[in-house]
Amino acid sequence: MLDNNMPSLKVSYQLERSSTQLQAYLNEVHTTRNIIRLNQIDAHLQKSLDDINRFTIKLTNSKAIKKLRDEYQQLGVDIQLFVPLLSNKVKLKQELDKISESMLWLHQDIVDEVNPLRQEIEWQITSERVRLSPEKKSKLYDDFTTLQMMTLKENELVSLVNEVVRQYKQRNLESAFHFISYKTDEIKRLSERLEHNAASITYRQLLLEFFALVKPNGKLHNNLKALKSLSEQSNQQRETIQSRLENQQKQIKSLVSKTSVELAGIKLSTRNIIEAGNVLLIMVLVSSILISALIYFYFVRKRIVQRLYDLSVNLNSVSAGETKQLIPVTGRDEIGLLGRTLSEFCLQLQEIENTNALNLINNTQASLVTCTTDGVIESMNFSARNLFKLCNKSFDKDYIWGLFNPRYHYQLRSIFSPESLLLVNGAYTITLEIESEDELVQYFRLDLRVYYQNTAPKIIITLTDITEQENVARWLEQKVEEKTQSLTQANAELHCQIEERKRAETSLVATQEELIQAAKMAVVGQAMTTLAHELNQPLSALSTYIYTVQMTYNQNDYPDIYDTMNKMDEISDRMEQIITNLRGFSKKTSFTNPAVEVNLYQAANNAIGIADSRAKQHNIILNNQLDEDCCCIGDLIQIEQVIVNLLINSCDALAPIAEDQGVVTLSKLKCGQDSLILACSDNGPGFDHTIINQIFTPFTTTKEVGLGLGLNICHSIMDRLNGSIQLASTLDGGAMIVLEFPIQ
């Protein structure tokens with residue numbers, strides 16, 4: 001019966017659960033308006049149907065199950081027809097929402113467009129500044145009335161369309177859209193009256209767009225017809241599916257009821273068998289308990305347990321060191337044998353205790369002394385007797401501290417006090433001196449340990465000769481003290497050398513500053529000839545303009561006097577700028593000046609102003625391509641010194657080239673988070689390969705006149721500024737100097 005009914009019952013419950021899931025998914029699929037969710041529910045439905053097919057495939061021999069399986073297969077066919085209908089319905093509803101939204105926007109645009117048009121006509125009618133003829137005013141009144149009527153009709157049309165959209169399932173769409181067409185024709189006739197008004201073109205165009213949406217057989221009409229048709233089909237298909245599900249639920253319920261009745265009979269038979277088995281088990285259990293109790297009380301407890309308990313008590317006593325107690329356990333069995341063996345073991349332990357300690361002490365080479373916790377000596381081995389010269393003496397209440405110099409008596413007595421570390425921790429170590437007969441001092445380490453003899457605490461003392469180690473330690477202490485004094489003296493000498501080096505470094509920095517100032521003055525001296533020419537030209541022009549002003553003033557001819565004076569002012573500013581640049585460059589700088597933010601664009605302009613006279617002398621163009629906000633951290637005068645040196649070197653390198661015009665360019669290569677990289681390049685022949693490796697070495701030069709200190713000074717300045725200077729070349733083979741400045 002179980003083999004026949006349990007599979008059917010299990011399948012019945014599984015079918016019922018799957019049918020419930022199908023019902024839930026079908027309820028949800030009818031109300032959802034999301035295509036993605038609809039596809040997910042379709043997948044769940046197919047999975048539930050597959051599960052049902054898997055549940056019933058093993059029980060095809062059952063007519064009821066086979067009939068249910070056929071029903072579910074037909075249900076799957078109905079669902080496959082039902083889901084596409086709902087999918088198309090959702091798509092049509094989404095399209096209807098878009099059409100409704102478009103109508104709402106058009107209606108809002110119409111309202112927004114008609115209000116200013118109405119206000120304009122009303123202003124023309126009521127304004128006192130606009131004088132209109134009676135005919136014109138009558139025409140405006142007609143237009144205003146027409147706008148009011150069109151607004152009213154358009155609102156009625158919108159309400160009618162919205163009502164048709166809401167009730168498209170219950171209404172006759174053909175009649176409704178015929179009536180909508182009648183309304184639109186009425187509004188069109190009214191709008192024709194406004195054709196003479198140019199401002200109403202947009203308003204009428206919006207109306208036409210709205211009419212195109214709601215006309216018969218238009219976009220809205222066709223959508224609603226298709227949606228109504230799909231709704232009727234889907235409702236009909238849903239009723240068919242619901243009918244099938246109800247029929248299947250009835251069949252499952254009938255199958256479960258039938259199987260339950262048969263299982264009830266199985267349950268009754270099983271209960272009778274279990275009750276009979278329980279009675280038999282209780283009888284066997286009671287008999288077993290009675291027999292076990294009899295065996296325990298008459299055999300186990302008296303003959304085994306009690307004797308084992310006595311034997312364990314005696315074992316605990318022996319393990320605690322009480323070996324003199326007799327073992328009362330007897331008998332001829334294994335327990336009695338254990339008792340006799342334990343008694344013999346106790347006797348052997350007693351003999352070992354009497355001889356073992358003395359043999360251990362006498363046979364060891366170390367000096368050993370045993371005493372009580374009060375310090376009373378009990379025994380000494382041969383090595384200890386020789387150490388203290390007590391070979392033939394016996395001990396009777398002698399204390400351990402009596403063996404040592406009186407100055408150690410108090411220290412040793414305190415070790416044996418009840419609160420001492422020896423008795424608390426069980427161990428203690430101390431080092432003492434012992435003088436021999438030949439007045440030699442020996443050092444001994446005393447290791448005191450607590451041990452137990454028959455549960456009584458005793459003290460064993462081990463004396464170790466550490467004279468050699470102690471002498472070595474004292475010798476090492478003396479050597480360390482001597483070495484410390486030597487290191488202290490060497491440290492003082494090193495401090496003096498450091499101070500001397502600091503003074504030498506200060507002198508070197510001052511010398512470098514003087515050398516840089518000398519190089520700067522050399523540059524100024526080289527530029528003086530061309531600078532005199534630069535200043536001579538503006539002075540000559542200034543003299544000419546002054547003469548012109550005097551003549552103009554004498555002739556009372558003033559029209560051009562202000563223009564002339566402006567030119568004089570510009571010449572004065574130019575001369576002032578040249579002198580200011582030269583004066584700033586000539587200032588003596590110090591490497592100890594604090595670093596500040598420097599505008600590299602301004603520094604480059606100042607340097608070009610100083611070197612420009614040299615460049616013009618050889619027809620060389622100095623080009624500053626830096627950004628105006630290009631900044632770094634450093635000292636303005638020192639940075640100008642570096643740039644001037646590079647510009648002068650480029651001008652000297654380009655001077656012998658007569659066929660091409662020389663160009664020297666300052667440009668920015670890269671700007672990172674911590675540094676800014678600039679380049680000073682020219683279109684000359686580049687660096688001479690014979691001195692490329694020594695170019696930053698002092699007194700290295702290819703000029704006929706020069707000390708060869710310029711690039712070395714630039715290298716020192718860039719090091720002081722936490723920057724760097726490197727050699728490179730342009731793509732055309734010209735020389736390039738790369739400068740890296742810190743920006744933080």
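Check the entry above for the structure.
These figures come from a predicted structure and were not determined experimentally.

Student: What is the right way to read the overall build of the protein chain from this model?
Tutor: Broken down by element type, the protein chain carries 16 helices and 12 strands. Expressed as a percentage of contacts within the protein chain between residues at least 6 apart in sequence, the contacts between residues at least 24 apart total 65%. In the structure as shown, the protein chain presents an accessible area of about 46,300 Å², 53% of it carried by carbon and sulfur atoms.

Student: Explain the packing of helix α14 (residues 600-617) against helix α15 (residues 636-654) to me, please; I cannot follow it from the model alone.
Tutor: When two helices pack together, you describe them by how their axes are tilted relative to each other and by the distance separating the axes. Packing of α14 against α15 leaves a shortest axis separation of 9 Å and a crossing angle of 40°. If you check the angle between α14 and α15, you find them oblique. The interaxial crossing formed by α14 with α15 has right-handed handedness. Residues L600, A603, A604, N606, A607, I608, I610, A611, R614 and A615 of α14 form the contact with α15, whose own contacting residues are L636, I639, E640, I643, V644, L647, I648, C651 and D652. Within the contact of α14 with α15, the residues separate by chemical class into 15 nonpolar, 1 polar and 3 charged.

Student: Any chance you could explain helix α6 (residues 201-214) here in plain terms?
Tutor: Quick reminder: α-helices carry 3.6 residues per turn. Residues three or four places apart thus point the same way. Relative to the 20 Å expected for 14 residues at 1.5 Å per residue, α6 spans 20 Å between its end C-alpha atoms, a close match to the ideal helical length. Along α6, the positions that sit buried rather than exposed are Y203, R204, L206, L207, F210, F211, L213 and V214.

Student: Is there a simple way to explain the side chain of T370 in this structure?
Tutor: By the element assignment, T370 lies in strand β1 (residues 367-371). Here T370 falls in the buried class, since its relative accessible area comes to 3%. Within polar-contact distance, the side chain of T370 engages the side chain of S379 at 2.3 Å.

Student: What's the story with the pairing of strand β10 (residues 675-682) in this structure? I'm lost.
Tutor: Look at any regular strand and the pattern is simple: side chains alternate between the two faces of the sheet. Counting buried positions along β10 yields 8 of 8 residues, so the element is predominantly enclosed. Because side chains alternate across β10, one face comprises the buried residues S675, I677, A679 and S681, and the other comprises L676, L678, C680 and D682, equally buried. Hairpin connection between strand β9 (residues 662-671) and β10: a loop of 3 residues separates the two successive antiparallel strands. Inspection of the sheet shows β10 paired to strand β12 (residues 735-742) by 7 bridges, in the antiparallel sense. For I677, the partnering residue across the bridge sits in β12 and is E740.

Student: Just checking my understanding: could you explain empty space enclosed by the protein for this structure?
Tutor: Left-over empty space is what a probe sized like a water molecule reveals as it rolls over the atoms. Per the stated rule, a full pass over the model turns up 2 cavities of 30 Å³ or more. Estimated volume of the largest cavity: approximately 60 Å³. Taken together, L626, I643, L646, L666, S667, L678, A679, C680, I737 and L739 make up the full set of residues lining the largest cavity. The element best represented in the lining of the largest cavity is β10, accounting for 3 residues. Its residues assigned to classes, the lining of the largest cavity comprises 9 nonpolar, 1 polar and no charged. Counted as a void, the second largest cavity has a volume near 50 Å³. Along its surface, the second largest cavity is lined by L26, N27, F82, R238, I241 and Q242. Sorting the residues of the lining of the second largest cavity by element identifies α1 (2-31) and α7 (219-319) as the ones contributing at least two each.

Calculation rules
Residues numbered from 1 in each chain as written. Predicted model: local features only at pLDDT ≥ 70, side-chain atom pairs only at ≥ 80, totals over all residues. Heavy atoms only, no water. Helix = DSSP H or I, 4+ residues; strand = E, 2+ residues; numbered from the N terminus. Contact = heavy atoms within 4.5 Å. Areas by Shrake-Rupley, 256 points an atom, 1.4 Å probe, with all protein chains shown as cover. Axes fitted to C-alpha atoms, helices over the stretch in contact; angles between N-to-C directions. Parallel < 35°, antiparallel > 145°, perpendicular 65-115°, else oblique. Left-handed = near helix turned anticlockwise from the far one by under 90°. Nonpolar A, V, L, I, M, F, W, Y, C, P; charged D, E, K, R; others polar. Expected span 1.5 Å × (residues − 1). Buried < 20%, exposed > 50% of the residue type's maximum accessible area, 1.4 Å probe, protein only. Polar contact = N/O pair within 3.5 Å; in protein donor to acceptor, adjacent residues only side chain to side chain. Pairing = 2+ DSSP bridges. 1 Å grid on protein atoms, 1.4 Å probe; cavity = no way out; pocket = protein on both sides within 12 Å on 5 of 7 lines; lining within 4 Å. Points joined across faces, edges and corners; volume = space filled by probe spheres on them.

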